[in-house]
Amino acid sequence: MNILGAKREGGNLIIAAPISDIMKFLLKFKPGEYEIVKSSKKRSNEANNYMWSLAEEIAKATGTIKEDVYRHAVRQVGSFYSMEIDKSELDQFKIDWASHDGKNKIAWFVDVIDYADNGRVLVFAYKGSSVYNTKEFSRLVDFIVSEAKDLDIETLTPAELE
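Note that this is a predicted model, so its numbers are computed, not measured.

Caption draft 1: Fine view of a nonpolar patch on the surface. On the surface, Ile 3, Leu 13 and Ile 15 cluster together into a nonpolar patch covering about 260 Å² of accessible area. Within the secondary structure, Leu 13 is located in strand β2 (residues 12-16).

Caption draft 2: Quick peek at the pairing of strand β1 (residues 5-9). Two strands pair when backbone bridges link them, and β1 and β2 are joined in this way by 5 bridges, in the antiparallel orientation. Counterpart to Ala 6 in the pairing with β2 is Ile 15. Between β1 and the antiparallel strand that follows it, β2, lie 2 residues; Gly 10 among them carries a positive phi value of about 65 degrees.

Caption draft 3: Molecular detail of the sheet that holds strand β5 (residues 120-126). In space, the 3 strands of this open sheet follow the order β3-β5-β4, with antiparallel pairing throughout. Whereas interior strands pair on both sides, the edge strands pair on one side only; in this sheet they are β3 (80-86) and β4 (110-115). Direction aside, neighbouring strands of the sheet carry axes that sit 30 degrees apart on average. In this structure, β3 lies alongside β5, joined through 7 bridges in antiparallel fashion. Among the inter-strand pairings, Glu 84 is bridged to a residue of β5, identified as Leu 122. Across the sheet, helix α4 (residues 90-98) lies against β3, β4 and β5, angled at about 10 degrees from β5, the strand it touches most.

Caption draft 4: Geometry of the packing of helix α2 (residues 45-62) against helix α3 (residues 66-77). Two numbers describe how α2 lies on α3: the axes approach to 8 Å, and their chain directions differ by 110 degrees. With respect to α3, the axis of α2 lies roughly perpendicular. Here α2 runs over α3; the crossing is right-handed. On α3, the residues that touch Met 51, Trp 52, Ala 55, Glu 56, Ile 58 and Ala 59 of α2 are Lys 66, Glu 67, Val 69 and Tyr 70. For the contact of α2 with α3, the per-class residue count stands at 7 nonpolar, no polar and 3 charged.

Caption draft 5: Representation of unusual backbone geometry. Backbone geometry places Asp 152, a non-glycine residue, at a positive phi of 60 degrees. On the basis of relative accessible area, Asp 152 is assigned to the exposed category, the value being 74%.

Caption draft 6: Expanded view of α4. Within the span of α4, buried status applies to Leu 90, Phe 93, Trp 97 and Ala 98. Relative to the axis of α4, the buried residues are bounded by an arc of 125 degrees and lie together on one face. What points out from α4, more than 90 degrees from its buried face, is the exposed set Asp 91 and Ile 95.

Caption draft 7: Representation of the nonpolar core in the model. In terms of nonpolar packing, the biggest core is built from 24 residues, with Val 74 and Leu 140 touching the most fellow members. Residue assignment for this core shows that the elements contributing at least two residues are α2, α3, β5 and α5 (134-150). Core analysis: the second largest hydrophobic core is formed by 9 residues, Ile 85, Trp 108, Val 121 and Ala 125 among them.

Caption draft 8: Looking closely at the pattern of salt bridges. Taken as a whole and assessed by the stated rule, the structure comprises 6 salt bridges. Here Arg 71 makes a salt bridge to Asp 68, at a shortest N to O gap of 2.9 Å. Taken as a pair, Arg 71 and Asp 68 lie in helix α3 at a separation of 3 residues, close to a single helical turn. For Arg 75, the salt bridge is made with Asp 111, and the minimal N-O distance between the two is 2.6 Å. Residue Arg 75 is located in helix α3, and its partner Asp 111 is located in strand β4; the two are separated by 36 residues in the primary sequence. Among the residues examined, Arg 75 registers a relative accessible area of 36% and is labelled partly exposed. Through salt bridges with shared partners, one network takes in Glu 84, Asp 86 and Arg 120.

Parameters at a glance
- Residues numbered from 1 in each chain as written.
- Predicted model: local features only at pLDDT ≥ 70, side-chain atom pairs only at ≥ 80, totals over all residues.
- Heavy atoms only, no water.
- Patch = residues over 30% accessible without salt bridge, like charges linked within 9 Å, V, L, I, M, F, W, Y side chains within 5 Å.
- Areas by Shrake-Rupley, 256 points an atom, 1.4 Å probe, with all protein chains shown as cover.
- Salt bridge = Lys/Arg side-chain N within 4 Å of Asp/Glu carboxyl O.
- Helix = DSSP H or I, 4+ residues; strand = E, 2+ residues; numbered from the N terminus.
- Pairing = 2+ DSSP bridges.
- Axes fitted to C-alpha atoms, helices over the stretch in contact; angles between N-to-C directions.
- Contact = heavy atoms within 4.5 Å.
- Parallel < 35°, antiparallel > 145°, perpendicular 65-115°, else oblique.
- Left-handed = near helix turned anticlockwise from the far one by under 90°.
- Nonpolar A, V, L, I, M, F, W, Y, C, P; charged D, E, K, R; others polar.
- Buried < 20%, exposed > 50% of the residue type's maximum accessible area, 1.4 Å probe, protein only.
- Arc of directions from axis to C-beta.
- Core = buried A, V, L, I, M, F, W, Y, C linked by side-chain atoms within 4.5 Å.

Have a look at this one:
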């Protein structure tokens, strides 16, 4: 449901939305099933393209591939889950994590951090930037820009160069 507005009137919350949307919602409503959260800005395709073009330039300068540059940046500043899993399940977990939505993702990878005596391993399961919010993605881009500057690679966007 797309909420167009809301206001407080006395002890009531008045929500502005198409009546058909509200009726569908109310008919299916179960207490505790929904959570209202502020929507966040989506990152732009321009920022994504900029990040990948810099990764490509870094790869050329260092003799690697842009995907490795990207994964390195994700390891340094990206988002991850820290968890313990059974060592016997590690290989399958890596496969499942990398293809969690049916597609093989570049930065959905798992690093083993430590082995425990009880047959378990501590892992960091990294999330790809496709699910980053704007703040997380900006941090990733800033890191890649810093890496590019360290290699004397031009970091101005095409628009800035013009």
